[in-house]
There are 2 protein chains.
Amino acid sequence: MTVSETHTTPTPASARRRNGLGRYLPFLDWLLHYRRQDLTGDLLAGIIVTIMLVPQSMAYALLAGLPPQVGLYASILPLIVYGLLGSSRVLAVGPVAIVSLLVATGISPLAEQGGPEYVQLALTLALLVGIVQLIMGVVRLGFLVNFLSHPVLSGFTSAAAIVIGFSQVKHVLGFRVPRTEYFYQRVLYTLNHLGETNLVTLVIGLGSIGLLLFFKYKLGGLLRRWGLKETLIMPITKSAPLVVVLVSTLAVWGFRLHEGAGVAIVGGVPAGLPPLTMPTLDPGIWQLLLPTALAISFVGFMESISVAKSLASKRRQKVDADQELVALGAANLAATFTGGYPVTGGFSRSVVNFAAGAQTGLASIVTALLIALTVIFLTPLFYFLPKAVLAAIILVAVANLFDFKTVKHTWRYSKADFASLVVTFVAVLAIGVEKGILAGVATAILLFLWRTSRPHIAVVGRVGDSEHFRNVLRHEVQTCPHVLAIRVDQSLYFANTQYLETAILQMVADNPRVKHLVLIFSAVNFVDASALETLEELNRELGDAGVTLYFAEVKGPVMDRLKAVGFVDEIGPERFFLSTHQAMRQLECV
Amino acid sequence: MTVSETHTTPTPASARRRNGLGRYLPFLDWLLHYRRQDLTGDLLAGIIVTIMLVPQSMAYALLAGLPPQVGLYASILPLIVYGLLGSSRVLAVGPVAIVSLLVATGISPLAEQGGPEYVQLALTLALLVGIVQLIMGVVRLGFLVNFLSHPVLSGFTSAAAIVIGFSQVKHVLGFRVPRTEYFYQRVLYTLNHLGETNLVTLVIGLGSIGLLLFFKYKLGGLLRRWGLKETLIMPITKSAPLVVVLVSTLAVWGFRLHEGAGVAIVGGVPAGLPPLTMPTLDPGIWQLLLPTALAISFVGFMESISVAKSLASKRRQKVDADQELVALGAANLAATFTGGYPVTGGFSRSVVNFAAGAQTGLASIVTALLIALTVIFLTPLFYFLPKAVLAAIILVAVANLFDFKTVKHTWRYSKADFASLVVTFVAVLAIGVEKGILAGVATAILLFLWRTSRPHIAVVGRVGDSEHFRNVLRHEVQTCPHVLAIRVDQSLYFANTQYLETAILQMVADNPRVKHLVLIFSAVNFVDASALETLEELNRELGDAGVTLYFAEVKGPVMDRLKAVGFVDEIGPERFFLSTHQAMRQLECV
């Protein structure tokens with residue numbers, strides 16, 4: 001059958017893209033088809049995520065240099081907005097570790113941590129992130145994030161885990177480490193001041209870490225052996241942060257550890273719903289914050305979309321990258337006006353949401369409402385909460401960010417990709433978080449240019465009696481002395497055109513009996529203006545050397561351009577062949 | 001016959017590369033084989049180039065903001081050094097317009113034009129250019145200049161011609177225009193002060209331009225009609241600058257135009273050989289000059305190598321890019337220590353050298369010696385030389401730098417290449433010479449990334465009864481409903497992997513009867529780590545949709561990696577086919 005028939009087949013319902021309003025307001029989709037049994041999953045997931053999120057959001061706010069309530073505020077309205085607009089049904093949005101780190105490194109040079117100016121800058125940053133993501137979503141620039149390659153992201157995430165983890169060590173040790181520009185300075189300072197460790201704080205910190213690890217790796221198995229129902233095991237194991245928070249708060253309160261032993265505590269957290277806040281509208285400030293906002297927009301979106309995609313594919317659902325940008329952008333705008341700071345989809349949190357049975361965005365809305373109740377009624381309970389416990393929660397969480405598997409895999413697969421991973425990793429630790437990721441992206445692009453600037457060029461011969469021609473170095477093939485058939489394995493553009501010219505002239509010089517040169521363009525996807533000039537030059541030079549130039553397997557789009565500019569006529573249309581086989585037959589080589 | 005035979009054929013003498021000492025000291029090559037008849041050509045060419053170069057080098061020094069003798073100094077020792085070390089036998093080195101412009105824009109912010117500090121910075125710049133070019137030549141980084149694509153270079157050159165040409169207008173009008181950061185400011189200033197034009201200066205300037213144009217375009221034909229010998233015509237037409245210099249100098253001297261009419265003159269030019277000079281060795285200064293030095297190294301080399309190559313190919317000679325870098329680097333070091341400023345091979349000058357019959361580097365050495373005689377004995381003659389005449393010489397010379405042909409050609413051939421040309425052109429005029437060229441290079445790279453980030457993806461079908469498969473949209477081909485054969489016309493890497501995944505899933509969704517998907521990798525030259533991950537994901541997603549994934553025509557180097565990392569075993573080796581035809585036969589589609 002001909003292709004026209006195949007291609008006019010109607011799209012089946014199963015693969016139908018969401019269109020119309022449902023595409024831009026995904027909640028219409030799930031609200032219209034909401035089933036009673038969805039509610040159980042959504043409610044349970046909403047509750048479990050709340051249990052995780054309350055301590056986490058305070059911990060990440062501290063990591064960002066913000067008062068703990070800012071983390072809670074960022075976990076209310078943004079979650080509702082994302083629940084309504086997100087194309088993923090299970091992504092759990094809120095404060096996350098890496099974005100918090102980016103906030104801290106971006107704002108710390110501009111204002112004193114924790115002060116009102118700092119809080120104001122954080123919410124202005126959320127505004128910029130929201131605007132950037134909204135614009136990218138609306139003008140469909142989602143593809144831009146692809147310039148953050150996997151190896152770069154992996155190197156960045158692993159290094160960020162170290163920076164974040166180390167930033168919490170001081171809370172566990174119980175002494176202050178001054179902010180410095182470079183990571184190694186903070187490490188040195190800490191090592192030099194180990195004598196100032198507060199032992200009670202250390203015990204609380206290490207105890208919390210131990211308890212968290214026990215819940216995470218052992219408790220599930222134990223409960224299972226004791227015959228507990230699966231549906232109960234998850235809520236219990238995931239309540240680890242809540243348990244350490246309760247136990248440690250009671251201990252500090254009971255033994256007055258914050259007074260006698262000098263254990264640092266969270267202190268007063270204001271009660272009540274988030275205030276209505278306005279961002280700073282000063283263009284000077286915006287300009288200062290823009291690089292950080294771009295980094296958060298990209299990195300936050302990458303983290304979000306990769307979780308959302310992997311969870312959606314498990315249930316055969318789809319996420320729409322551009323709609324995700326819109327939803328995250330709107331969530332960040334919501335954070336701006338309700339005293340929050342930049343948010344994005346969290347990895348472990350979304351996995352828990354998914355596993356606990358979240359079916360729709362309602363789970364997020366349930367979480368948001370429970371957190372709202374928490375800030376209204378429960379904040380006094382956090383007064384005696386030791387900061388070391390929040391640090392322990394972060395430490396255990398970021399340990400998962402290490403990505404040894406990708407490192408090993410990348411090393412085995414490609415040294416160039418591995419190089420961009422290592423450069424990013426080292427650069428983040430050595431020159432800082434934002435410059436580090438920029439260095440990584442630049443390295444990935446340069447390596448790509450380098451790779452394409454020295455194309456693989458193969459002399460090919462005929463495989464047996466077939467019409468196929470393959471690399472003479474890899475296959476047992478037939479060639480003839482008066483024809484050189486060369487396959488160029490790269491599009492031709494300014495960075496590789498000189499290399500190609502030199503290599504071909506050298507091949508001709510090495511094969512003096514050659515009278516005909518066939519350039520096989522099966523892998524040439526475009527020829528830019530610089531390369532076109534080189535081809536013209538090459539044709540002249542080969543002509544001078546008594547060698548005639550032919551082309552085979554030039555792709556349609558490439559041929560169109562070569563024709564339009566007169567190159568085909570200049571060379572002679574009879575010197576272009578549809579297949580290598582035809583060229584070789586014409587040249588009496590097969 | 002098999003290929004091993006073809007490939008062991010000994011290299012013929014005609015294509016032999018220069019090896020041993022002759023490669024690094026090219027003068028050994030021509031000195032050993034110097035013939036008596038070469039001498040006539042070298043002497044004549046040396047004399048004619050001197051006639052051109054004396055006024056030109058003073059004019060370009062003025063353009064660079066330097067005293068005129070600096071241009072003459074830069075035309076002595078550097079020419080001898082290049083004559084000995086250059087791999088081109090006809091390249092005429094010395095001050096050129098674009099490098100002079102780069103010197104002016106690079107140094108003017110740091111010191112007052114024409115002052116001793118400025119001169120010192122110019123020769124320090126020559127040192128840095130020399131070092132950069134020497135290093136690039138020795139470690140064989142010549143290929144790096146390829147990142148300056150033809151369209152970018154063309155846009156840059158045309159814009160530079162405008163900037164240079166305009167910088168001379170003030171000399172022709174006879175009033176001062178203050179230096180400003182932006183080009184448009186100088187244009188506005190000039191337009192606002194047209195009333196201050198010195199009419200006598202204007203007459204001298206326009207008269208010189210007229211005379212130069214007459215010599216250039218008309219005189220040759222006239223002399224030929226009068227029956228003059230060809231060998232005499234060229235020396236006469238090329239002496240145009242000398243003639244206007246003599247006539248105008250005599251006029252100023254005779255009518256005391258510099259006093260009464262206020263015509264600006266060159267004034268005292270010190271007599272005697274160039275002084276021995278030492279560059280500044282302050283690392284702070286070096287750092288400030290480095291960007292300019294890099295720009296000059298790249299742009300100067302590009303200008304040089306393109307002339308050298310095109311002239312060499314006319315005589316079936318070769319130039320060696322890395323040796324050229326060494327020779328130009330050494331010439332710049334020579335300029336450093338003899339009171340000069342950065343030099344490179346000039347276009348029109350080299351063409352004249354070639355046409356006048358230069359056979360070896362001796363022609364350059366002759367020129368150098370004649371210029372040395374000039375600075376020893378003839379500088380008093382330049383006292384009354386009007387600056388307007390030097391400006392006229394530059395104006396007529398840079399008019400040739402306009403490259404309308406490339407602009408038209410590029411527009412017709414590729415809108416992306418045209419865009420990088422226009423961006424460079426506009427950026428050089430709008431934001432300045434150095435930033436402009438950087439913007440051009442960045443644009444070219446971004447356009448390349450953009451181009452490769454949205455690969456051409458073709459559904460293919462069988463051509464008649466052949467083993468060839470071609471795009472269904474371009475050819476009359478056969479397909480079948482249960483197999484989708486897709487050819488991906490691009491290497492897979494981080495920037496395009498998402499696009500590919502989306503496009504393929506969409507194609508599958510649009511063709512619900514498809515059970516088998518064949519990815520044809522004939523144009524895939526590498527698959528980076530990010531793309532590998534996407535392929536694994538795509539395999540899972542297609543499996544979920546009940547579609548089996550196959551690969552055909554995977555290239556050797558790509559296959560090696562996919563095997564090494566376990567991807568081939570994961571997919572199943574039986575799902576990889578050498579040719580599309582084999583795959584289609586297996587899937588019962590042919």
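One structure accompanies this document, and this report is about it. Note that the structure is predicted; figures quoted are calculated from it, not measured. Counting restarts for each chain, with residues numbered from 1 along the sequence as it is written. Going through the entries in the order they are written, you letter the chains from A and number the ligands from 1. pLDDT decides what is reported in this predicted model: residues at 70 or higher carry local features, side-chain atom pairs at 80 or more are listed and counted, and totals for whole chains, interfaces and linings draw on all residues regardless.

1. Digging into the pairing of strand E3 (residues 456-463) of chain B
Within a regular beta strand, the side chains point alternately toward one face of the sheet and then the other, so they alternate between its two faces. Residues and elements named next belong to chain B. For clarity, the threshold we go by: In short, DSSP must find at least two bridges between two strands for them to pair. Elements are defined by DSSP. Helices are runs of H or I of four residues or more, strands are runs of E of two residues or more, and each kind is numbered from the N terminus.
Pairing geometry for E3 and strand E6 (residues 483-489), over 4 bridges, is antiparallel. Across the sheet, Ala458 pairs through a bridge with Arg487, a residue of E6. Here E3 runs beside strand E4 (residues 469-471); their pairing, made up of 3 bridges, is antiparallel. From the neighbouring strand, Arg462 faces E4, where its bridge partner is Phe469. Hairpin connection, E3 to E4: the antiparallel pair is bridged by 5 residues, and Gly464 has positive phi, about 50°.

2. Considering the relation of the copies chain B and chain A
For clarity, the threshold we go by: Here the copies were fitted onto each other by least squares, based on C-alpha atoms from residues at pLDDT of at least 70 in both. Residue pairs are scored as contacts if the distance between their C-beta atoms, which are placed from the backbone, is within 7 Å.
For the pair chain B and chain A, the superposition axis carries a translation of 0.0 Å, the fit reaches an RMSD of 0.1 Å, and the rotation angle comes to 180°. When the rotation and shift are considered jointly, the pair of chain copies conforms to a two-fold rotation axis. For chain B, the smallest separation between a C-alpha atom and the rotation axis is recorded for B:Ala523, amounting to 1.9 Å. The overlap is high: 99% of the interface residues of chain B also sit at the interface in chain A, so the same surface is used on both sides.

3. Examining the nonpolar core
For clarity, the threshold we go by: The term nonpolar core means buried Ala, Val, Leu, Ile, Met, Phe, Trp, Tyr and Cys residues held together as one set by C-beta atoms within 7 Å. Buried residues are those with 20 or more other C-beta atoms within 10 Å of their own C-beta, exposed residues have 12 or fewer, and partly exposed residues lie in between; C-beta atoms are placed from the backbone.
In this structure, A:Ala122 and B:Ala122 are the most contacted members of the largest nonpolar core, which totals 375 residues. For B:Ala122, the residues in contact, after removing those within four places along its chain, are B:Ala64, B:Leu66, B:Val70, B:Val103, B:Ile107 and B:Tyr341.

4. A word on the packing of helix H11 (residues 199-225) of chain A against helix H13 (residues 240-255) of chain A
Residues and elements named next belong to chain A. Here is the rule we go by: Helix axes use the C-alpha atoms of the stretch in contact, all axes being lines fitted to C-alpha atoms, and the angles between their N-to-C directions lie in the range 0 to 180 degrees. An angle counts as roughly parallel when it lies under 35 degrees, as roughly antiparallel when it exceeds 145, as roughly perpendicular when it falls between 65 and 115, and as oblique in every other case. Left-handed describes a crossing whose near helix is turned anticlockwise from the far helix by less than a right angle; the clockwise case is right-handed. Just so you know the grouping, Ala, Val, Leu, Ile, Met, Phe, Trp, Tyr, Cys and Pro go in nonpolar, Asp, Glu, Lys and Arg go in charged, and all remaining residues, Gly too, go in polar.
Put simply, H11 and H13 touch, their axes get as near as 9 Å, and they point 150° apart. Between H11 and H13, the interaxial angle falls into the category roughly antiparallel. For the pair H11 and H13, the sense of crossing is right-handed. Every residue of H13 that contacts H11 at Ile204, Ser208, Leu211, Leu212, Phe215 and Lys216 is listed here: Ala240, Val243, Val244 and Ser248. Here the residues of the contact of H11 with H13 are counted per class, giving 7 nonpolar, 2 polar and 1 charged.

5. Comments concerning the environment of A:Ser364
Residues and elements named next belong to chain A. Within the secondary structure, Ser364 sits in helix H17 (residues 362-377). C-alpha of Ser364 to C-alpha of Ala92: the two residues are 272 residues apart in sequence and 6.5 Å apart in space. Not counting residues within four places of it along the chain, the set of residues in contact with Ser364 comprises Leu79, Tyr82, Gly83, Ala92 and Val93.

6. Overview of the environment of B:Glu117
All names here are of chain B. Within the secondary structure, Glu117 sits in helix H8 (residues 116-138). Judged by C-beta crowding, with 13 C-beta atoms within 10 Å, Glu117 ranks as partly exposed. Residues Glu117 and Thr280, 163 residues apart in the sequence, show an inter-C-alpha distance of 9.9 Å.

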